[in-house]
Amino acid sequence: MNADACYTYAVARPFDVATIGPVRGVDDAAIRLFRYRDIVAVSSAMPPEAAEEGALRTRLETLESMEAMARAHHAVVEAVVERAVAIPFRLATIHHDERRVIGMLRHGHAEFDATLNRLAGRVEMGVKVYANISAPPPTSIVASVSDSPGRDYLRTRRVERNQRERGSRQAVDVAERVDAALAESAVERALHRPQAARLHIDRAENVLNAAYLVEARDLPAFHTLVRRLGSDAPGVRIEVTGPWPAYSFASLDSGGEP
Amino acid sequence: MSDLSYPTSAGPATPNLADILERILDNGLVIAGDIKINLLDIELLTIKVRLLVASVDKAREIGIDWWERDPGLSSGKPRELEAEVENRRLRERIAELENAEPEGGSR
């Protein structure tokens, strides 16, 4: 009798779970695979009391505990995509028991299968474009000191702000070019909301936050393209992350279509 | 000049928390599990996270500690919060008193 709930990380093509080695799931639980035909659910057991809505809420409401769960989730998904094609799940997908997980595989088999076929051999790359905000020192702007330091100060601030706004408009144009070129080279593209400037240690403004689904074999060409776009693009910084599991492209395809 | 920053190719770098969260809270396949979590709550949380955190460490480095004061995110109830409530109460009371005072020629 197994009263544990099941936390599921991904649906994938079958692989040898023994090779996953030291990677453990949420709360250090062992990874288990549930198989239905040619797909598996990658799951781990969760004690029923931890899988209750209230307990989960509490956990997700505290950044530290949510972070621990998020990193565990991500670590499992990463380990899976190193071994097999996988559809990454959103955080906290939980079923009452393994019977229900297998039911999910059975009901969704056609869609899971079609989606796995679409994602096979492809990876997600993250690209963020930042406006380089390097405001010149105020002294270079206001050389003359008038009898109104207050007005000088305001003028300085206005000039700085205008420069910043011009810089950010320019960066948006550059970002659009970069995105168009990368989207062209990629299989699919997904836009995320720009991250707040405060997120960045130097408070650079994030003008593009995108993900591209790229054929794994085309990765070197993708990197070359990003470098080239970056060298043609003054005033911005391009940050590349990945390869990621295809989180941003994990919507289900309808099964049974040609 | 623009910069390209690439994660070091040797060994996977620890990914930025905001990048991970926007993927596994906003993206990733949504399957209706048996245990319902109010996605709206999570979305609210993601928005806050996206607004503020690159990584918890980095956030601390630049002095952001909102989760320690935000009642929606912290299970504990820090003292500053009570002080804020008290402050707001006092400000409201002052505004009340000021409004009550007759102002000559204002009407």
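All figures in this text were calculated on a predicted structure; none of them were measured in a lab.

Notes on the overall build of chain A
Piece 1. Looking only at helices and strands, one finds six helices and eight strands in chain A.
Piece 2. For chain A, the N- to C-terminal ordering of α and β elements is β-β-β-α-α-β-α-α-β-α-β-β-α-β.
Piece 3. Counting every position in chain A, which comprises 258 residues, the buried fraction comes to 48%.
Piece 4. In the structure as shown, chain A presents an accessible area of about 12,500 Å², 51% of it carried by carbon and sulfur atoms.

Focus: the domain arrangement of chain A
Residue and element names in this part refer to chain A.
Piece 1. Examined at the domain level, chain A breaks down into domain 1 (5-120) and domain 2 (122-247).
Piece 2. Counting from both sides, the interface comprises 10 residues of domain 1 and, opposite them, eight residues of domain 2.
Piece 3. Both sides together, the interface formed by domain 1 and domain 2 hides about 740 Å², and carbon and sulfur atoms give 56% of it.
Piece 4. On the surface where domain 1 and domain 2 come into contact, there are one salt bridge.
Piece 5. The shortest N-O distance in the salt bridge between Arg-118 and Glu-188 comes to 2.9 Å.
Piece 6. Applying the counting criterion to the domain 1 and domain 2 interface returns five residue pairs in polar contact (both at pLDDT 80 or more).
Piece 7. Residue assignment for the side of domain 1 that touches domain 2 shows that the elements contributing at least two residues are helix H2 (63-81), strand E4 (86-95) and helix H4 (109-119).
Piece 8. It is H2 that contributes the most residues to the side of domain 1 that touches domain 2, five residues altogether.
Piece 9. Here the side of domain 1 that touches domain 2 is composed, by residue class, of six nonpolar, two polar and two charged.

Each value, and the rule that gives it
- Residues numbered from 1 in each chain as written.
- Chains lettered and ligands numbered in written order.
- Predicted model: local features only at pLDDT ≥ 70, side-chain atom pairs only at ≥ 80, totals over all residues.
- Heavy atoms only, no water.
- Helix = DSSP H or I, 4+ residues; strand = E, 2+ residues; numbered from the N terminus.
- Buried < 20%, exposed > 50% of the residue type's maximum accessible area, 1.4 Å probe, protein only.
- Areas by Shrake-Rupley, 256 points an atom, 1.4 Å probe, with all protein chains shown as cover.
- Domains from an automatic or database assignment.
- Contact = heavy atoms within 4.5 Å.
- Buried area = accessible area lost by both parts, 1.4 Å probe.
- Salt bridge = Lys/Arg side-chain N within 4 Å of Asp/Glu carboxyl O.
- Polar contact = N/O pair within 3.5 Å; in protein donor to acceptor, adjacent residues only side chain to side chain.
- Nonpolar A, V, L, I, M, F, W, Y, C, P; charged D, E, K, R; others polar.

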